[in-house]
Amino acid sequence: MLFLYYSVTFACLFISLQDSVYASNIASRLARRTARHINGLAKDLNVALDVVLFSAQKQPQVQLTTHSQVVFCKPGTGSTSTGIPSASSTRTASSVASSSTGVAVSTPWKLVEEHSGSSFFDGWTFTNAPDVTTGGVVNYVDSGTASSNNLTQITSAGTAIMRVETTPVVTGNRQSIRITTNNVYNTGLWILDAVHIPSGCGTWPAFWTNGPNWPAGGEIDIVEGVGDSTNDQATLHTIEGCSLSSTSSSALGITGTTVTSTDCVSTGGGCGIRSDSTVSYGAAFNSNGGGVFTMTLNSSGIAVWFFERSAIPSDITAGTPLPGAWGTPFAWWSSPTCNISEFFGFQSTIFDTTLCGQLAGAVWSDSGSPGQAQSCATRTGVSDCVTFVQNNGAAMEEAYWEVNSVQIYQIPS
Ligand SMILES: *[C@@H]1O[C@H](CO)[C@@H](O)[C@H](O)[C@H]1NC(C)=O
Ligand SMILES: *[C@@H]1O[C@H](CO)[C@@H](O)[C@H](O)[C@H]1NC(C)=O
Ligand SMILES: *[C@@H]1O[C@H](CO)[C@@H](O)[C@H](O)[C@H]1NC(C)=O
């Protein structure tokens, strides 16, 4: 199963090369750099095997560039096509939306992929393996196991649930979910409408996108946090050469604040920006009815917005999104300090929930970040994350995603 996953990822990249006349020496350079970075803060399962597969293909030349073409991959069949997929789930948004001022404006964005309702889980590949890259105490399970163990569910309200196993005591890993879209995109607009994000000590969920040959293809964390954090953190992870130009929010043109480093290199933990909203993550997000996260990726930059449920722009609700009308994003990374086309491409979209591991485990005794005035060690009275998680299944009851929809839009060429 693990092998299949890598094969699928690789097939997407390979086919796109065949179908396109891209040429540059970037790929082999990225592959060499990646090999040096394998021991970094890897969150992606691609790392080691992709490097091998990549090299085995005679060092194919790939330009990780923004391009309006969609690379469309079907797992297991090798069947791919470029262009906007005409799957039954595709629908075209109408071209007129009402702006917040009520003036009708046109949007160039077209819906190319949507996951919602009873078909939410169509078009994703379930990882069926332990969390080998971030060392979490979870076993990601296949879709059949997930469904029969009540870890995934479509509710009567039409929302999709992804849970962590709540068995009172386990000796090893808890079962959890990690799903990755089969389609990948070089540019686009991602919209996540979520009702509930996993929360509680030990949890480390994320909704993110990721390119091939990590970190060469780039990683964009849209929703991520640990434990009882209240503020979402968006982060980029790249190879060397991408950074934020400043630590000043006003200089960057963002409402959020920079955390960690301005250097996005994966070995340093990436360049994170924390949302200014105290209801953008965790229990605070959940009790507020959730909300919407949006991310745009194009050659100019990567932007992330958060809207609490009571403030979702009407153009989003109408299915005719207008990013230009959303105001200042909480996060924005841009050229010239990061050449987006060079560092990001072929992004698949991923949900996961891991427990402990390189982040939630490492910060178990830390305090002081928003929502974490006291450390988890203090609050739980348990000195390490793994012991707590293994022995307190009831504390995992809030460790679930509940999602209304994931939508991906593109501007057709
Ligand atoms: C699935 O789990 C949820 C949350 O624990 C529970 O409310 C629900 O009854 C369970 N459903 C089944 C079929 O076991
Ligand atoms: C790229 O995205 C940003 C943020 O959404 C937007 O302001 C800008 O107009 C876009 N640029 C292009 C060339 O589409
Ligand atoms: C950005 O990267 C792309 C793709 O590698 C390249 O074609 C372009 O020249 C780069 N732009 C700059 C300003 O370096």
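Residues numbered from 1 in each chain as written. Chains lettered and ligands numbered in written order. Predicted model: local features only at pLDDT ≥ 70, side-chain atom pairs only at ≥ 80, totals over all residues.

In the annotation of an unreviewed UniProt entry, the chain is listed under the name Concanavalin A-like lectin/glucanase domain-containing protein and assigned to Rhodocollybia butyracea.

Caption draft 1: Molecular detail of the site of ligand 2. Every residue near ligand 2 is listed here: T296, N298, S300, G301, A303 and P323. Counting residues per element, the ones that place at least two in the shell around ligand 2 are β19 (291–298) and β20 (301–308). (Near = placed C-beta within 6 Å. Helix = DSSP H or I, 4+ residues; strand = E, 2+ residues; numbered from the N terminus.)

Caption draft 2: Inspection of unusual backbone geometry at higher detail. Here the amide bond leading from W214 into P215 is cis, since omega sits at 0°, within 30 degrees of zero. Looking at the secondary structure, you find P215 in the loop between β14 (203–210) and β15 (219–224). Put simply, S335 and P336 share a cis peptide bond, and its omega is 5°. Counting through the fold element by element, P336 comes out in the loop between β21 (331–334) and α8 (340–343). One non-glycine residue, F346, lies in the positive phi region at around 50°. Among the secondary structure elements, F346 is positioned in the loop between α8 and β22 (348–355). Under the C-beta neighbour-count criterion, F346 is labelled buried, with 23 such atoms within 10 Å. (Buried ≥ 20, exposed ≤ 12 C-beta atoms within 10 Å, placed from the backbone.)

Caption draft 3: Molecular detail of the sheet that holds strand β11 (residues 178–181). Pairing within the open sheet is antiparallel, and its eight strands lie in the order β6-β11-β22-β14-β15-β16-β18-β17. Pairing within the sheet leaves two strands with one partner each, and these edge strands are β6 (124–126) and β17 (257–260). For this sheet, the mean inter-axis angle between neighbouring strands, taken without regard to orientation, is 25°. Where β11 lies against β22, three bridges are found, and the strand directions are antiparallel. Following the sheet pairing, T180 is matched in β22 by I350. (Pairing = 2+ DSSP bridges. Axes fitted to C-alpha atoms, helices over the stretch in contact; angles between N-to-C directions.)

Caption draft 4: Representation of the confidence of the model for the chain. Per-residue pLDDT for the chain averages 80, and the proportion of residues at 70 or more is 75%. Here residues 1–103 is modelled with pLDDT under 50, and outside its nearest four sequence neighbours on either side it reaches 199 contacts, counting other chains as well. (pLDDT = per-residue confidence, 0-100. Contact = placed C-beta atoms within 7 Å.)

Caption draft 5: Here's a closer look at the pairing of strand β23 (residues 401–410). β23 sits mainly inside the fold: eight of its 10 residues count as buried. Strand direction decides the pairing type here: strand β5 (residues 110–116) and β23, joined by six bridges, are antiparallel. Within the sheet, the bridge partner assigned to E113 lies in β23 and is I408. Pairing analysis gives seven bridges linking strand β13 (residues 188–196) to β23, with the strands arranged antiparallel. The partner of I191 across the bridge, within β23, is Q407.

Caption draft 6: How the structure looks around the environment of E219. On the secondary structure map, E219 appears in strand β15. Since 26 C-beta atoms lie within 10 Å of it, E219 is described here as buried. Each C-alpha atom of the pair E219 and C264 lies 9.8 Å from the other, and the pair is 45 residues apart in sequence.

Caption draft 7: Region of interest: the environment of E397. The topology assignment puts E397 in the loop between α11 (385–391) and β23. For E397 and T167, which are 230 residues apart along the polypeptide, the C-alpha to C-alpha distance reads 9.9 Å.

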